[in-house]
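# Structural overview for review
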Amino acid sequence: MPKGCKLGEALGYGLNHWDGLVRFLDDGRIEIDSNTVERSIRPLVLTRKNALFAGHDLGAEAGR
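In this report, we go over the structure that sits alongside the text. Chains are numbered independently. Their residues run from 1 in the order of the written sequence. With pLDDT at 70 or above as the cut-off, local features in this predicted model cover only qualifying residues; side-chain atom pairs require 80 or more to be listed or tallied, and sums for whole chains, interfaces and linings still use all residues. Note that the side-chain values use all heavy atoms of the structure and ignore hydrogens as well as water.

## Comments concerning the overall build of the protein
- A run of H or I in DSSP becomes a helix once it reaches four residues, and a run of E becomes a strand once it reaches two; helices and strands are each numbered from the N terminus. Looking only at helices and strands, the protein has 4 helices and 0 strands in total.
- Reading the protein from its N terminus to its C terminus gives the helix and strand order α-α-α-α.
- The rule is simple: take the accessible area with a 1.4 Å probe, protein chains only, and divide by the maximum for that residue type; under 20% is buried, over 50% is exposed, in between is partly exposed. Each of the 64 residues in the protein was classed as buried or not, and the buried ones make up 2%.
- Surface summary for the protein: the accessible area is close to 6,100 Å², and the carbon and sulfur share equals 59%. Surface accessibility in these figures is a Shrake-Rupley result with a 1.4 Å probe; residues are shielded only by whichever protein chains are displayed.

What follows is the structure, given as structure tokens:
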């Protein structure tokens, strides 16, 4: 296959994530994506990030 071929890239991606795919197929409890986890931690990350721009050291400390 020529370098940079879309099919080759797709096959390479699949091979790089093979272990996760097999785990997902073997265990029906595993979600196909991580959106649930990302939504649950978003408020924590945003609070920490916003505290960096609070303009005061105590604002950053409060975010911990």
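Past the structure itself, the notes keep going.
## Some words on a nonpolar patch on the surface
- Where nonpolar side chains cluster on the molecular surface, the patch consists of Leu-15, Trp-18, Leu-21, Val-22 and Leu-25 and spans about 510 Å² of accessible area.
- Looking at the nonpolar patch element by element, the count peaks at 4 residues for helix H2 (residues 18-26).
- Within the fold, Leu-15 resides in helix H1 (residues 6-16).
- Residue Leu-15 is classed as exposed on the basis of its relative accessible area, which comes to 62%. Exposure above 30% relative accessible area and no salt bridge define the residues that can form patches, which grow by joining like charges within 9 Å and nonpolar side chains of Val, Leu, Ile, Met, Phe, Trp and Tyr within 5 Å. The salt bridge definition used is simple: a Lys or Arg side-chain nitrogen within 4 Å of an Asp or Glu carboxyl oxygen.

## Notes on the pattern of salt bridges
- Under the defined criterion, the tally for this structure stands at 1 salt bridge.
- Among the ionic pairs, Arg-29 bridges to Asp-27, the shortest N-O distance being 3.0 Å.
- On the accessibility criterion, Arg-29 (73% relative accessible area) is exposed.
- Taking the relative accessible area as the measure of exposure, Asp-27 reaches 22% and is therefore partly exposed.

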